[in-house]
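# Architecture at a glance
Each chain, written out:
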Amino acid sequence: MMDINYLIKNKIDVNKSLEILGDIETYNETLVDFLTDIAEKLANIKQYKEQKDMPNYAIMVHSLKSDARYLGFTKLAELAYNHEMESKSNNINYVYEHYDELINEVHHILEIVNNYFDTDIESSNETNIKQENVKKSILIADDSNIIRNIIEKMVGDEYTIISATDGKEAIEKIDKKEETLIGMLLDLNMPNVDGFEVLKHLKENNLFGSIPVAIITGDDSKETIYKAFDYPIVDVLAKPFNESDVKRVITAMINLK
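Residues numbered from 1 in each chain as written. Predicted model: local features only at pLDDT ≥ 70, side-chain atom pairs only at ≥ 80, totals over all residues. Heavy atoms only, no water.

What follows concerns the sheet that holds strand E2 (residues 160-164). Across the sheet, which stays open at both edges, the five strands sit in the order E2-E1-E3-E4-E5 with parallel pairing between neighbours. The two strands at the open ends of the sheet, each matched to only one other strand, are E2 and strand E5 (235-238). Averaged over neighbouring strand pairs, the angle between their axes works out to 25 degrees when direction is ignored. In this structure, strand E4 (residues 213-217) lies alongside E5, joined through four bridges in parallel fashion. Across the sheet, isoleucine 215 pairs through a bridge with valine 236, a residue of E5. (Pairing = 2+ DSSP bridges. Helix = DSSP H or I, 4+ residues; strand = E, 2+ residues; numbered from the N terminus. Axes fitted to C-alpha atoms, helices over the stretch in contact; angles between N-to-C directions.)

Structural data, given as structure tokens:
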């Protein structure tokens, strides 16, 4: 099908998404990323809900909210935001009472998107990491496959993108790739090991001089931003961002090398 009017008819705010992503080809590729990533994301959301692990539940629905905003899924973004706020307040009753509403909206979106593509795209957890241009590598640490892929589409022609899905993996790749990295884009809200633990690792090992860091965050609270600037970070990349935002921050990182 691939008819953009079908998405618009089904209340997908494609025009707003195109303001961020730039063109319909990139938008379609990002939709595929969403389909590829969603099964694992839903499994994690369910797991943390059943474990009543509200901190990690909040991180996962925050990631779902960010993906939805990029793709114009307005209602899903609002529902995910509500779950994020309530889980941060440890309101387990709200999460349980409104969980089905959130999941049903996800499945509603999946039905629309699959009809748009006129196919079912199977889930895959593979991460595409380019191997060329090793001397100009950027590490992107974000639990959202969509965010990582969006950035790679924006700057992948110029830089090798190394991906990390959480803070633990980021630290491992920092230690392994330290000499080849020209910088890192670091999400603060990641499950298990968050971005602040990565910043602490960099500080304790005196790595900020060799690896400039810019923060990726959808949390615009002053407390979070001030806490991040306790470390010598380059800048904050607020979600949702566009290509010029990403390139501006990367240029700033390179200028510090």
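Glancing now at the nonpolar core. Of all hydrophobic cores here, the largest spans 58 residues; its most connected members are Phe34, Phe73 and Phe241. Here this core gets 11 residues from one element, more than from any other, and that element is helix H6 (residues 92-117). Apart from residues lying up to four places away in sequence, phenylalanine 241 is in contact with Ile20, Tyr70, Ile147, Ile150, Ile151, Met154, Ile216 and Val246. Counting 26 residues, the second largest nonpolar core, distinct from the first, contains Ala164, Leu188, Met190 and Leu199. (Core = buried A, V, L, I, M, F, W, Y, C linked by side-chain atoms within 4.5 Å. Buried < 20%, exposed > 50% of the residue type's maximum accessible area, 1.4 Å probe, protein only. Contact = heavy atoms within 4.5 Å.)

Where helix H7 (residues 145-155) meets helix H11 (residues 243-256), the closest approach of the two axes is 10 Å, and the angle between their N-to-C directions is 75 degrees. Considering their axes alone, H7 and H11 lie roughly perpendicular with respect to each other. Residues Ile151, Met154 and Val155 of H7 touch H11, and the partners they reach there are Glu243, Val246, Lys247 and Ile250. Residue composition of the contact of H7 with H11, grouped by class: five nonpolar, no polar and two charged. (Parallel < 35°, antiparallel > 145°, perpendicular 65-115°, else oblique. Nonpolar A, V, L, I, M, F, W, Y, C, P; charged D, E, K, R; others polar.)

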